[in-house]
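# Geometric and topological summary
The lines below spell out each chain.
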Amino acid sequence: QVQLVESGGDLVQPGGSLRLSCAASGRIFGINAMGWYRQAPGKQRELVAVITSGGSTNYRNSVKGRFTISRDNAKNTVYLQMDSLKPEDTAVYYCNAHIRYSSGNYYNDYWGQGTQVTVSS
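Rules behind the numbers
- Residues numbered from 1 in each chain as written.
- Predicted model: local features only at pLDDT ≥ 70, side-chain atom pairs only at ≥ 80, totals over all residues.
- Heavy atoms only, no water.
- Core = buried A, V, L, I, M, F, W, Y, C linked by side-chain atoms within 4.5 Å.
- Buried < 20%, exposed > 50% of the residue type's maximum accessible area, 1.4 Å probe, protein only.
- Helix = DSSP H or I, 4+ residues; strand = E, 2+ residues; numbered from the N terminus.
- Contact = heavy atoms within 4.5 Å.
- Salt bridge = Lys/Arg side-chain N within 4 Å of Asp/Glu carboxyl O.
- Pairing = 2+ DSSP bridges.

### Some thoughts on the nonpolar core
Core analysis: the largest hydrophobic core is formed by 30 residues, its most contacted members being Trp36, Leu80, Met82 and Tyr93. When contributions to this core are tallied by element, the ones reaching two or more residues are strand 1 (2-7), strand 3 (18-26), strand 4 (30-39), strand 5 (46-51), strand 7 (67-72), strand 8 (77-82), strand 9 (91-100) and strand 11 (115-119). The element best represented in this core is strand 9, accounting for five residues. Those residues in contact with Leu80 that sit more than four places away from it in its chain are Leu18, Arg19, Leu20, Trp36, Val48, Ala49, Phe67, Thr68, Ile69 and Tyr93.

Okay, here's the thing in structure tokens:
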């Protein structure tokens, strides 16, 4: 069984910073891409940032220059450093990972439970 556990969500003032973490555990034989998504009330879930196993990254336009995704492959952990936060960044943030869960070449997408980020004065 594979689990993703997120942490780091909080209430922060506009212009502030937060760092989200997501650790994968369980029967893991390898991890390809890891990413962060978010979902605001009444809106669809959207991709925020993604990082490949080789370290290549991609961001949605609205967070470029403010958010930084990184990963520690030895710890099976992905991070999202969020700076210059805006009220429109308020959402539940979910981590996602494409994980090889067996000795064969079998992969599945796994999701964390979500962590609330609220940007408000």
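Read on, since the account is not over.
### Points about the environment of Ser7
Considering the arrangement of structural elements, one finds Ser7 in strand 1. By relative accessible area, Ser7 is classed as partly exposed at 40%. Along the chain, Ser7 and Val92 lie 85 residues apart, while their C-alpha atoms are 11 Å from each other.

### Focus on the pattern of salt bridges
Under the criterion given, the structure shown has four salt bridges. Among the ionic pairs, Glu46 bridges to Arg38, the shortest N-O distance being 2.7 Å. According to the relative accessible area criterion, Glu46 is partly exposed, its value standing at 26%. Here Arg38 makes a salt bridge to Asp89, at a shortest N to O gap of 3.0 Å. Of the two residues, Arg38 is situated in strand 4 and Asp89 in the loop between strand 8 and strand 9; the sequence distance between them amounts to 51 residues. Neither Arg38 nor Asp89 differs from the other in exposure class; each is buried. The structure contains a network of salt bridges with shared partners spanning Arg38, Glu46, Arg60, Arg66 and Asp89.

### A closer look at the pairing of strand 5
Relative to strand 5, strand 4 runs antiparallel, the two being bridged by five bridges. When the bridges of strand 5 are listed, Tyr37 appears paired with Leu47. Counting the residues in the hairpin turn of strand 4 and strand 5 gives six residues, including Gly42, whose phi is positive at 75 degrees. Here strand 5 pairs with strand 6 (residues 57-59) via three bridges, running antiparallel. Across the sheet, residue Ala49 finds its bridge partner in strand 6, namely Tyr59.

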